[in-house]
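# Close look at the chain arrangement
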Amino acid sequence: MARTAGRQLGSRTAVYTVVGLFGLFASFPFLWAIVTMFKADPDLYTAGSNPFLYNKPPTLEHIRLLFQQTPYLTFVRNTVMIGVLVVLITLAFSLPAAYALARLTGHWGGRLGIAIFLVYLVPPTLLFIPLSRMVASMRLQDSIWSLVLVYPTFTIPLSTWLLSGFFKSIPRDIEEQAQVDGYSRLQAVTRTVLPLIVPGILTVVVFAFTLSMHEFIYALAFVASSDHMTISVGVPTNLVRGDVFFWQSLMASAVIVAVPVALAYNFFLDRFVQGFTMGAVKG
Amino acid sequence: MTAANTGQTVAGEIEGRPRRYLLDREGLLGPLLLLPAVVYLLALVGFPLVMAILYSFTDITTGNPVLHFVGLDTFRDVLRDTVFRRSLRNTVVLTIVSQLLVVVLSTVLAFALRVDFRGKWFARFLILLPWTTPIAIGTIAWLWMLDSLFSPIDWVLGQVGLIQQGGHMYWLGKRDLAMASVIAVQAWRMLPLATVILLAGMSSIPQEIKEAAEIDGASFWRRLFHIELPLLLPITGVAVLFGLVFTFTDMTVVYVLTGGGPQNSTQVLASWAFYKGINGGSLGQGAAIAVFMFPVLAGFAALILRLANRAEVS
């Protein structure tokens with residue numbers, strides 16, 4: 001008995017140590033960013049003093065600078081606008097496709113479903129060169145519309161895959177009953193099934209939005225002027241100017257983005273993982 | 001009763017139109033609902049994929065955007081370039097080393113996170129940060145951590161006496177250290193995804209198996225190596241495959257952290273394709289460099305398909 005208790009205490013300590021170390025490793029760049037963002041210039045750029053302490057009083061000056069004297073808010077606005085439009089396009093294309101994969105297409109539907117998921121794995125780095133020509137020929141270069149058009153190429157495959165899993169989890173009887181009651185198939189689906197997969201739709205909204213917010217390569221390749229940049233590209237390329245680094249403002253911009261997104265992911269993580277493991281894990 | 005009646009009137013109203021009956025036919029409705037998504041993906045993924053391969057056999061540039069086929073000349077030029085060979089080697093090294101780190105570390109972390117403890121929610125939040133933050137933004141935070149003059153790592157190393165106080169490692173200024181930094185950031189970034197996939201896999205191992213082993217008196221290590229890790233192997237495979245695909249094709253960490261430097265020593269295929277194709281305007285060469293990722297990707301895809309098929313059978 002005592003031995004078990006001792007072992008349990010031991011494993012407790014081991015768990016806290018491992019989790020503590022990994023937590024520190026994972027979050028250290030952000031902790032360091034939080035310390036940095038409130039530092040006054042003379043404090044930050046003094047070699048030798050303890051960099052983890054405030055040797056001079058902390059200041060909000062650099063956060064004010066970020067919002068008032070850099071295009072950061074423009075980046076935020078562009079990112080949100082692209083994100084919302086991409087979410088709408090993604091839902092419009094992937095909801096019908098996912099329903100069809102889940103219900104209407106027997107064996108070949110399964111194959112097609114996997115094929116669509118594989119499209120998600122075709123990397124932007126293989127496509128950006130021809131796409132940059134296509135975008136130019138549509139006269140969309142250097143505008144957010146190029147990204148609105150291209151981002152669904154990775155959000156539609158993933159969303160279709162996730163949503164078809166949700167559709168499959170709803171019993172067929174529900175819509176069949178509605179059809180018996182005289183509704184057409186589409187009516188039956190919109191009235192009975194769609195309300196039931198609202199959690200799935202929310203999951204897709206979160207992931208389509210954050211994936212388009214994360215994207216870097218297309219945004220770097222297609223957009224050149226800061227007026228049309230997203231956070232992902234604007235912060236690393238546009239807030240670093242030659243030798244003048246706005247480190248405090250840069251770190252503030254990173255923290256402001258990182259925290260809300262991480263919170264949103266935390267809520268939807270389990271569903272996302274289920275989709276990612278492609279049913280290899282049945283929860 | 002009233003619901004059924006209105007239903008019938010609705011049915012009666014549209015009865016004249018054959019469209020409703022047509023759409024109720026599964027053989028027609030299925031393809032119809034799939035068509036928009038399939039067309040979108042064919043136009044903006046399938047077509048550019050074919051074009052990327054075609055480009056690599058031409059000498060197309062942004063200044064002269066015509067498809068003029070030159071056979072294998074572009075590939076020959078690319079292969080002759082020492083930076084390309086360096087990029088190819090770096091890509092392989094970066095992918096393998098960072099994923100080895102990720103497999104070992106994520107297994108340890110997943111076993112720790114399986115246990116319930118106070119503050120687990122917060123621990124998970126912290127551990128997910130590298131993956132939930134846009135990678136370019138996370139890398140910027142690392143850029144400041146590895147700053148040549150103000151790196152806190154240098155300060156700590158100085159305090160514990162590993163380097164001279166006030167000395168500098170110049171993490172991103174020396175070839176090998178820069179490469180090690182890129183590997184570390186890439187592993188940092190991929191660790192959370194592998195961990196959550198493994199956690200999901202662990203929760204699907206039947207509790208009875210563990211209990212049976214415990215009752216039989218198998219020691220912790222024996223249970224770990226003979227029962228749990230083998231059972232986790234398929235899901236570890238899934239985690240590794242995703243990690244490999246995302247690491248092999250990424251250029252963001254390299255672009256933001258080192259810009260491929262110093263002297264192109266950290267360049268990878270994707271970043272070199274970008275510098276050549278977009279910044280340099282040699283679309284053909286950029287495409288040819290990127291196409292080198294294709295066989296490896298196809299191999300990964302085939303493996304994922306096999307895993308998916310096996311999951312379907314079981």
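Fair warning: this is a prediction, and the values are worked out from it, not measured in the lab.

## Section: the overall build of chain B
A count of helical and extended segments in chain B gives 15 helices and 0 strands. Here chain B has a C-alpha radius of gyration of 27 Å; the compact-globule value for 314 residues is 20 Å, and the former is much larger. For chain B, the spread of C-alpha atoms along the three principal axes comes to 90 × 70 × 35 Å. A burial count over chain B gives 42% of its 314 residues as buried. Taking all contacts inside chain B whose residues are at least 6 apart in sequence as the whole, residues at least 24 apart take part in 68%.

## Overview of the overall build of chain A
When you go through chain A residue by residue, the secondary structure sums to 14 helices and 2 strands. In terms of overall dimensions, chain A is more spread out than a globule: its C-alpha atoms have a radius of gyration of 24 Å, far above the 19 Å expected for 283 residues. Counting only contacts in chain A whose residues sit at least 6 apart along the sequence, the fraction spanning at least 24 positions is 73%.

## Notes on unusual backbone geometry
The step from B:G261 to B:P262 runs through a cis peptide bond, and the omega angle for that step is -5°. Summarising the element assignment, B:P262 is placed in the loop between helix 12 (252-257) and helix 13 (269-279). Of note, A:D142 is a non-glycine position whose phi angle comes to about 55°, a positive value. By the secondary structure assignment, A:D142 is in the loop between helix 6 (124-137) and helix 7 (144-150). You can call A:D142 partly exposed: it has 16 C-beta atoms within 10 Å. With a phi close to 45°, B:Q263 is a non-glycine residue in the positive phi region. Note that B:Q263 resides in the loop between helix 12 and helix 13. The exposure class of B:Q263 is exposed, given the 11 C-beta atoms found within 10 Å.

## Structural notes on the domain arrangement of chain A
Residue and element names in this part refer to chain A. With domains assigned, chain A is organised as domain 1 (2-59) and domain 2 (63-276). Domain 1 and domain 2 are separated by 33 Å when their C-alpha centres are compared. With 7 residues of domain 1 at the contact, the number on the domain 2 side is 8 residues. Per-class residue counts for the side of domain 1 that touches domain 2 are 5 nonpolar, 1 polar and 1 charged.

## What about the interface of chain B and chain A?
Contacts between chain B and chain A engage 88 residues on the former and 84 residues on the latter. Take the side of chain B that touches chain A: its biggest share by element is 16 residues, from helix 3 (residues 26-55) of chain B. Residues belonging to the side of chain B that touches chain A are distributed by class as follows: 69 nonpolar, 14 polar and 5 charged.

## A word on the nonpolar core
Nonpolar side chains tend toward joint burial in soluble globular proteins. In terms of nonpolar packing, the biggest core is built from 163 residues, with B:I140, B:A141 and B:A290 touching the most fellow members. Filtering out sequence-adjacent residues up to four positions away, B:A290 remains in contact with A:T125, A:L126, A:I129, B:A52, B:L269, B:A270 and B:A273.

## Some thoughts on helix 3 of chain B
Spanning 30 residues, helix 3 of chain B covers 41 Å between terminal C-alpha atoms, matching the ideal 44 Å at 1.5 Å per step. When the local axis directions of helix 3 of chain B are compared, the greatest deviation, roughly 40°, occurs at B:L35, which is followed within four positions by the proline B:P36.

## A look at the domain arrangement of chain B
One can read the domain layout of chain B as domain 1 (2-55) and domain 2 (73-313). The C-alpha-based centres of domain 1 of chain B and domain 2 of chain B are spaced at 40 Å.

## With respect to the environment of A:V233
For A:V233, the location among the structural elements is in helix 13 (residues 231-238). Accessibility expressed as a C-beta count within 10 Å gives 29 for A:V233, which makes it buried. Taking the C-alpha atoms as reference points, A:V233 and A:N55, separated by 178 residues in sequence, lie 33 Å from one another. Ignoring any residue separated from it by four or fewer positions in sequence, one finds A:V233 in contact with A:F216, A:A219, A:L220, A:V223 and B:A136.

Calculation notes
Residues numbered from 1 in each chain as written. Chains lettered and ligands numbered in written order. Predicted model: local features only at pLDDT ≥ 70, side-chain atom pairs only at ≥ 80, totals over all residues. Helix = DSSP H or I, 4+ residues; strand = E, 2+ residues; numbered from the N terminus. Rg over C-alpha atoms; globule rule 2.2 N^0.38 Å. Buried ≥ 20, exposed ≤ 12 C-beta atoms within 10 Å, placed from the backbone. Contact = placed C-beta atoms within 7 Å. Domains from an automatic or database assignment. Nonpolar A, V, L, I, M, F, W, Y, C, P; charged D, E, K, R; others polar. Core = buried A, V, L, I, M, F, W, Y, C linked by C-beta atoms within 7 Å. Expected span 1.5 Å × (residues − 1). Bend = angle between axes of the 7 residues up to and from the residue.

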